[in-house]
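Close look at the chain arrangement
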Amino acid sequence: MSWGSMDVYLNEIESSLESIFYSKEEQEHEMWRTYMERRSVVRQFLQADLSLPLLKRHRKRIELLKKCSYYIEILPKHLALGDQNYRMLPTTMFQLIDPWRFQRMKKVGTIQTKIQLLLLTDLLEQLERGREELLRFLETYDMVTFLSRWDAIKQRLSGLSELMDNFLAMLVPGRLHVKHRLVSDVGATKIPHIRLVLSTQMPVMFDRKESAAHEDWVSLKWFITSQQTQPEQYELRFKLLEPRTPQERLQCGMMPVTSNMCEIRNLLPNRSYKFTIKRAETYMLVYDQWCDAIALKTSPDEAMESSAHET
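Before going into details, it helps to say that this report is about the structure given with it. Small disclaimer: the values here were computed from a predicted structure and weren't measured.

1. Describing the overall build of the protein chain
Across its full length, the protein chain holds seven helices and eleven strands. Taking all 311 residues of the protein chain together, 35% fall into the buried category. Long-range contacts, defined here as pairs at least 24 residues apart, represent 74% of the contacts in the protein chain between residues at least 6 apart.

2. Remarks on the packing of helix α2 (residues 52-67) against helix α6 (residues 150-170)
Axis separation between α2 and α6 bottoms out at 12 Å; the angle between their running directions is 35 degrees. Crossing angle aside, the handedness with which α2 passes α6 is left-handed. Of α6, the residues touching α2 (which contributes Leu55, His58 and Ile62) are Met164, Phe167 and Leu168. A breakdown of the residues in the contact of α2 with α6 according to their chemical character gives five nonpolar, one polar and no charged.

3. Description of the packing of aromatic side chains
In this structure the tally under the stated criterion is nine aromatic pairs. Measuring from ring centre to ring centre gives 4.9 Å for Phe102 and Tyr283, while their planes differ by 20 degrees; the resulting arrangement is stacked. With a gap of 181 residues between them, Phe102 in helix α4 (residues 99-140) and Tyr283 in the loop between β9 (272-279) and β10 (285-287) connect regions that are remote in the sequence. Here Phe102 falls in the buried class, since its relative accessible area comes to 1%. Judged by centre distance (6.4 Å) and plane angle (85 degrees), the ring pair of Phe206 and Trp222 falls under edge-to-face. Placement of Phe206 in strand β3 (residues 204-206) and of Trp222 in strand β5 (residues 218-224) is noted, with a sequence separation of 16 residues between them. Of the two residues, Phe206 and Trp222, both sit in the buried class. Among the aromatic residues, those joined into a cluster by ring pairs are Trp32, Tyr35, Phe146 and Trp150. The positively charged end of Lys106 is found above the aromatic ring belonging to Tyr283, 5.5 Å away from the centroid. Between the NZ or CZ atom of Arg265 and the centre of the ring of Trp217, over which it lies, the distance is 4.2 Å.

4. Re the packing of α2 against α4
Contact geometry of α2 with α4 gives a least axis separation of 11 Å together with a crossing angle of 165 degrees. In terms of orientation, α2 and α4 fall into the roughly antiparallel class. The way α2 lies across α4 gives a crossing that is left-handed. Facing Leu52, Leu55, His58, Arg59, Ile62, Leu65 and Lys66 of α2, the residues of α4 in contact are Leu117, Leu120, Thr121, Leu124, Glu125, Leu127, Glu128 and Arg131. Of the residues that constitute the contact of α2 with α4, the class distribution is eight nonpolar, two polar and five charged.

Here is what the cut-offs are and how they apply
Residues numbered from 1 in each chain as written. Predicted model: local features only at pLDDT ≥ 70, side-chain atom pairs only at ≥ 80, totals over all residues. Heavy atoms only, no water. Helix = DSSP H or I, 4+ residues; strand = E, 2+ residues; numbered from the N terminus. Buried < 20%, exposed > 50% of the residue type's maximum accessible area, 1.4 Å probe, protein only. Contact = heavy atoms within 4.5 Å. Axes fitted to C-alpha atoms, helices over the stretch in contact; angles between N-to-C directions. Left-handed = near helix turned anticlockwise from the far one by under 90°. Nonpolar A, V, L, I, M, F, W, Y, C, P; charged D, E, K, R; others polar. Phe/Tyr/Trp six-rings, centres within 6.5 Å; stacked < 30°, edge-to-face > 60°. Lys NZ or Arg CZ within 6 Å of the ring centre and 35° of its normal. Parallel < 35°, antiparallel > 145°, perpendicular 65-115°, else oblique.

Written as structure tokens, this is what we have:
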């Protein structure tokens with residue numbers, strides 16, 4: 001082979017090697033671009049749908065729902081939940097409802113509420129675990145591992161998105177699942193088209209700034225975070241903590257109250273009492289497990305204190 005032919009041959013080999021080198025470099029660049037794009041998809045999902053502040057807000061919302069009161073509402077099918085016009089329904093509708101069947105539906109409402117609260121807690125825990133899992137993918141997977149497992153990661157994103165949709169839909173109590181007719185057979189009377197829904201009332205809580213203890217009495221005040229549409233009835237209970245005699249064990253009781261404040265007198269001075277407040281049970285109530293509690297200590301007896309100082 002002449003030197004000229006050898007030179008052409010070497011140039012061809014060099015060009016071929018350069019082509020292979022640049023092709024491999026382009027492939028690595030494309031892999032890196034794909035890797036960064038897919039990491040960005042996971043990051044955006046974490047920031048938008050599974051951010052830590054958002055999950056904390058959902059956790060607080062569940063805790064609030066556990067403290068709420070749940071009621072059955074009977075609505076005509078053409079009215080939406082929360083429409084105040086349903087209060088204008090004729091009382092004959094309630095006369096048509098079979099009392100025994102309604103009591104059975106209240107039990108269904110209680111079970112449905114308990115299940116819904118349990119499911120909300122479980123769904124939120126699944127979302128929290130999903131967030132931790134996605135963060136682990138971002139922090140521990142190298143490029144090759146991340147890209148090789150992308151189909152599984154994408155499927156996990158889709159599953160978590162569906163979980164979040166189910167969670168958000170379940171945050172609002174909905175229609176009761178009625179399997180039996182609520183209205184008895186009434187002969188020729190036209191049976192009204194009604195539906196049963198679950199509604200919530202925000203919890204009753206003591207106003208800890210306005211509630212105070214004095215020498216032998218306390219003044220208590222409570223509130224509801226949502227606006228009240230009509231007066232409500234409450235049950236205020238109190239009891240002496242750590243009674244020392246059988247007579248002191250009688251320092252307890254329950255008081256029905258229709259306002260948002262009350263005074264309790266004839267208490268023992270310099271003693272601690274526990275007070276609880278909750279809504280009074282009504283015909284439509286199906287679930288109300290939580291009540292707010294506050295402990296207050298009455299002031300020492302001033303006469304006894306001055307006598308003790310004199311001695």
